[in-house]
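Residue-level structure breakdown
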Amino acid sequence: MTQVNYFLTEEQQMIVDLARQIAKEKIIPVRARLDENNEFPWDIMRDIAQADLFGLYIPEQYGGFAKGCFENCLALEQLAYGCIAVTTTFAASALGGYPILLFGSEKQKARYLPDIASGKRLVAFGLTEANAGSDAAGIQTTAVEDGEHWVLNGTKQWITSGGEAEIYTIVAMTNKNKGARGATAYIVEKGDPGFSFGKKERKMGLNASSTTELIMNDCRIPKDRILGRNGQGFLIAMRTLDIARPGIGSIAVGLAQAALDEAVKYARQRIQFGQPIISFQALQHMLADMATNLEASRALVYSVARTIDDGKKDTAKISAMAKLFATDMSMRVTTDAVQILGGYGYMKSYPVEKMMRDAKILQIYEGTNQIMCNIIGQALNKEYAKK
Amino acid sequence: MNIVVCIKQVPNAKTVRYDTEKGTLVREGVEAIINPFDFHALEAGLHLKDAYGGEVTVLSMGPPQAENALRESLSLGADKGVLLSDRAFAGADTLATTYTLAKAIEKLGPVDLVLCGKQAIDGDTAQVGPGLAARLGLPYVTCVNALSVMDDEKTIQVRRINEDGYDILELEMPALLTVLASINTPRLPSLKGKMMARKTEIPIWDAEGIGAKPSMVGLTGSATRVVSTWVPTFEARREMFGGSAEEQVDALVSRLKAAGIL
């Protein structure tokens, strides 16, 4: 059967093969255990590091492969086929790494990017707070200059890889009167004085990833840890998210592919009323809908990622579309997969139950899908005002 | 440390089918993989290279497509791959295979350690490792599941698994070992390795290139012939005993006695 041809280069196909091999050999055999025990996947992170995938998007002079958003998406999709909790840990390192790559000084890049590219140190991105979720301008963490240091105070919430990562890119307010323009980004390292972690959160799914508070209590960091300029924090966060969001779309696609594979496999072998249930039109139409929306999501995500790599600016709208469409699809497909497996689908001994629990986060993190709609709507308003 | 790892490309046992009429394996359309034991031999070699430096050369005799197995080895970190491929090599049994491999290893130059998998999953003879050691005049140990290099970096200590337990043995390099799957967990390829593997040239050596005598290679150089292969038939019969429990026990005892089991 002919599949859609996305015209991958030989190198891109290598990345796909390598990430799929990791998913098959290293992730799938242990994913249920990691989920059950809320276990952080250090072994798999080391495997991914050894396979060189942490360095995909990082320039060659820092030990990376100088690939783009698209190649990162290809890797994410294949890893997500195995487990999106594991993949989120991998993806969070890029989310935390991009601000350094995009806005870091030469000195900061030389200091941090080689370790990020080799996977020696994980990175985390700290924006969200208890009172600043969708409204990131409501950040209450503050940063004040004190001689040769910055002093940070406040608490970040629900930070992926909290406690496990060693490098944190954090947004704090330097001038509350200026609103979003008064936010500044910093690099904080595990071990900095006054920097600690809250308890590990218990979640609905995504259990193999670590989610904690970051607590800054008179946290003193050297002056040269500021990222970009004073007041650029919000811009840095938004630019980072614009590049990262197609990646969430890819994770959604990989997860949905895994759920579809399970659903079709089951529907072909489950006998009811004397025949495989896939022979019933009710199921065929469900599966057809799942497969078609999945492929449409993949095509959109790939196209958006390639557009970003083409160097286009102001990609907020299309990045949001890729995230919105693919993650809503993934929630539906994983839910339908559970439905097709029926009672078995609801049992923990079959993998689709975890897939459905995990899928929900995709519609929430890196900007809720309602915020994605806002971004798209505002962009349309701007676009059409110019016409 | 100069290490040579011998690998064989074999059909994936999980997907292979059997033609019952012809009595042969259906190889068309079957995925070819590196013999699983050889993966562990390669990992053992790469592990030693990581610790002590040197070079790992992977050697395989087979048809031109066995080049894929060598490229896969390069993507895992091997430095060089050499393919022994010649129509004259076809149909080789273990006698001819060990002769051919030995000639190639001699051509490669001084070697400290030759590593092989315990056996190939298609032929299952487990003769190539020991046979090759005999050809090369090297001391060897089979069924190794642990390996360490002593402080002098000339002696190796190995653990050989046998039916009753294990032996700890020391031998001086150069030497040959065949390894079990339990010796290590093979690494994954890396992207760098895959990119390198794509670019690396893999030389193909033929019989003339390794200075092999035509009478010693392939089917001509083989002492054995596969006359026929077949799937053994397996018949299970059953007998049901009736009557009371006592009668059934009596019947069972007399049947077991008649069969010479009791």
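Above this text sits the structure in question.
First things first, this report covers the structure right here in the doc. The structure presented is a predicted model; accordingly, all values stated were derived computationally and were not measured. (Residues numbered from 1 in each chain as written. Chains lettered and ligands numbered in written order. Predicted model: local features only at pLDDT ≥ 70, side-chain atom pairs only at ≥ 80, totals over all residues. Heavy atoms only, no water.)

**Points about the pairing of strand 1 (residues 123-126) of chain A**
Residue and element names in this part refer to chain A. Burial along strand 1 is two-sided: V123 and F125 facing one way and A124 and G126 facing the other are all buried. Of the pairings in the sheet, the one linking strand 1 to strand 4 (residues 167-173) comprises four bridges and is parallel in character. Paired with F125 across the bridge in strand 4 is T169. (Buried < 20%, exposed > 50% of the residue type's maximum accessible area, 1.4 Å probe, protein only. Helix = DSSP H or I, 4+ residues; strand = E, 2+ residues; numbered from the N terminus. Pairing = 2+ DSSP bridges.)

**Re unusual backbone geometry**
For the bond running from M173 of chain B to P174 of chain B, omega is 0°, close enough to zero to count as cis. As for its placement among the helices and strands, P174 of chain B is situated in the loop between strand 11 (165-172) and strand 12 (175-179). The residue F7 of chain A is not glycine, and still its phi comes out positive at about 50°. Tracing the backbone shows F7 of chain A in the segment before helix 1 (10-27). One non-glycine residue with positive phi stands out, namely D124 of chain B, at about 60°. Residue position: D124 of chain B is located in the loop between strand 8 (113-117) and helix 4 (128-136).

**Quick word on the pattern of salt bridges**
Opposite charge on two side chains permits them to pair, given that their charged atoms come into close proximity. Residues and elements named next belong to chain A. What the rule picks out here adds up to 33 salt bridges over all chains. In this structure, the salt-bridge partner of E189 is R121, at a minimum N-O distance of 3.6 Å. Here R121 lies in the loop between helix 6 (106-118) and strand 1 and E189 lies in strand 5 (residues 183-189), a separation of 68 residues in the sequence. Of the two residues, E189 and R121, both sit in the buried class. A salt bridge links R225 to E189, with the nearest nitrogen and oxygen atoms 3.7 Å apart. Separated by 36 residues along the polypeptide, R225 in the loop between strand 7 (211-222) and strand 8 (226-227) and E189 in strand 5 bring together distant segments of the chain. Several salt bridges share partner residues, and in doing so they unite R111, D115, K120, R121, E189, D192 and R225 into one network. (Salt bridge = Lys/Arg side-chain N within 4 Å of Asp/Glu carboxyl O.)

**Here we look at a nonpolar patch on the surface**
Residue and element names in this part refer to chain B. A cluster of nonpolar residues, V249, V253, I261 and L262, forms a patch on the protein surface that exposes about 380 Å² of accessible area. With respect to the helices and strands, I261 occurs in the segment after helix 6 (245-258). By relative accessible area, I261 is classed as exposed at 62%. (Patch = residues over 30% accessible without salt bridge, like charges linked within 9 Å, V, L, I, M, F, W, Y side chains within 5 Å. Areas by Shrake-Rupley, 256 points an atom, 1.4 Å probe, with all protein chains shown as cover.)

**Concerning the packing of helix 8 (residues 281-309) of chain A against helix 9 (residues 316-346) of chain A**
Residues and elements named next belong to chain A. Between helix 8 and helix 9, the shortest axis-to-axis distance is 9 Å and the interhelical angle comes to 155°. On the basis of the axis angle, helix 8 is roughly antiparallel to helix 9. Judged by the twist between their axes, the crossing of helix 8 over helix 9 is left-handed. Here the residues of the contact of helix 8 with helix 9 sort into 19 nonpolar, five polar and two charged. (Axes fitted to C-alpha atoms, helices over the stretch in contact; angles between N-to-C directions. Parallel < 35°, antiparallel > 145°, perpendicular 65-115°, else oblique. Left-handed = near helix turned anticlockwise from the far one by under 90°. Nonpolar A, V, L, I, M, F, W, Y, C, P; charged D, E, K, R; others polar.)

**Looking at the packing of aromatic side chains**
Enumeration according to the criterion identifies twelve aromatic pairs over all chains in this entry. Centroid distance Y344 of chain A to Y350 of chain A: 5.4 Å. Interplanar angle 55°. Geometry classified as tilted. Y350 of chain A sits in the partly exposed class, given a relative accessible area of 30%. Of the aromatic side chains, those joined through ring pairs into one cluster are Y6, F70 and Y302 of chain A. The positively charged end of R159 of chain B is found above the aromatic ring belonging to Y166 of chain B, 5.5 Å away from the centroid. (Phe/Tyr/Trp six-rings, centres within 6.5 Å; stacked < 30°, edge-to-face > 60°. Lys NZ or Arg CZ within 6 Å of the ring centre and 35° of its normal.)

**Structural notes on helix 9 of chain A**
Helical periodicity: at 3.6 residues per turn, an α-helix aligns residues three or four positions apart in one direction. With 31 residues, helix 9 of chain A ought to run about 45 Å at 1.5 Å a step, yet its terminal C-alpha atoms sit only 37 Å apart, falling short of that. Of all the bends in helix 9 of chain A, the largest measures some 90° and sits at I340 of chain A. (Expected span 1.5 Å × (residues − 1). Bend = angle between axes of the 7 residues up to and from the residue.)

**Section: the sheet that holds strand 6 (residues 55-61) of chain B**
Residue and element names in this part refer to chain B. The nine strands lie next to each other as 11-10-9-12-8-1-6-7-13, forming an open sheet whose pairing is mixed. The outermost strands of the open sheet, each flanked by one partner alone, are strand 11 and strand 13 (204-205). Contacting strand 6 and strand 7 (80-84), helix 2 (residues 67-76) runs over the sheet at an angle of about 170° to strand 7. Each of strand 1 (2-6), strand 8, strand 9 (140-149) and strand 12 is contacted by helix 4, which is oriented at about 175° to strand 12, the strand it contacts most. (Contact = heavy atoms within 4.5 Å.)

**Digging into helix 3 (residues 42-50) of chain A**
All names here are of chain A. Of all the positions in helix 3, only I44, M45, D47, I48 and A49 are classed as buried. Buried residues in helix 3 make contact with helix 1, helix 2 (31-37), helix 4 (69-82), helix 5 (84-103) and helix 6. Positive phi appears at D52, one or two residues downstream of helix 3, with a value of about 80°.

**Observations concerning the nonpolar core**
In terms of nonpolar packing, the biggest core is built from 114 residues, with I48, L53, I116, L152 and I251 of chain A touching the most fellow members. At 14 residues, the largest contribution of residues to this core is made by helix 7 (residues 233-269) of chain A. Among all residues touching I116 of chain A, those that are not within four sequence positions of it are F54, Y57, I58, S93, G97, I100, R121, V123 and I167 of chain A. If you look at the next biggest cluster of nonpolar residues, it comprises 34 residues, including I34, L70, L113 and I156 of chain B. (Core = buried A, V, L, I, M, F, W, Y, C linked by side-chain atoms within 4.5 Å.)

**Thoughts on the environment of T200 of chain B**
Residues and elements named next belong to chain B. With respect to the secondary-structure elements, T200 resides in the loop between helix 5 (191-199) and strand 13. For the pair T200 and S73, spaced 127 residues apart in sequence, the C-alpha to C-alpha distance is 12 Å. Those residues within four positions of T200 in sequence are excluded, and the remaining contacts are R71 and L74. Of note is the side chain of T200, whose polar atom sits 2.8 Å from the backbone oxygen of M196. (Polar contact = N/O pair within 3.5 Å; in protein donor to acceptor, adjacent residues only side chain to side chain.)

**Re the interface of chain B and chain A**
On the chain A side, the residues contacting the eleven residues of chain B number 18 residues. When the buried surface of chain B facing chain A is broken down by residue, L188, L191 and R198 of chain B rank first, second and third, together holding 51% of it. On inspection of chain B and its partner chain A, the count reaches two salt bridges. Note that R198 of chain B is salt-bridged to E10 of chain A, the shortest N-O span being 3.5 Å. Between chain B and chain A we count five residue pairs in polar contact (both at pLDDT 80 or more) in total. Residues belonging to the side of chain B that touches chain A are distributed by class as follows: five nonpolar, two polar and four charged. (Buried area = accessible area lost by both parts, 1.4 Å probe.)

**Concerning empty space enclosed by the protein**
Residue and element names in this part refer to chain A. Throughout the structure, instances matching the rule amount to four cavities of 30 Å³ or more. Counted as a void, the largest cavity has a volume near 110 Å³. Forming the boundary of the largest cavity are 13 residues, of which N72, L76, A94, A244 and G247 lie nearest the centre. Every element with two or more residues in the lining of the largest cavity is listed here: helix 4, helix 5 and helix 7. Across the lining of the largest cavity, the residue classes break down as ten nonpolar, two polar and one charged. Approximately 40 Å³ is the volume attributed to the second largest cavity. In terms of lining, the second largest cavity is formed by R31, G82, C83, I84, L255, P351, K354, M355 and D358. Top element by residues in the lining of the second largest cavity is helix 10 (residues 352-359). It accounts for three residues. Class assignment of the residues belonging to the lining of the second largest cavity gives a composition of five nonpolar, one polar and three charged. (1 Å grid on protein atoms, 1.4 Å probe; cavity = no way out; pocket = protein on both sides within 12 Å on 5 of 7 lines; lining within 4 Å. Points joined across faces, edges and corners; volume = space filled by probe spheres on them.)

What is shown is where atoms sit, not what they do.
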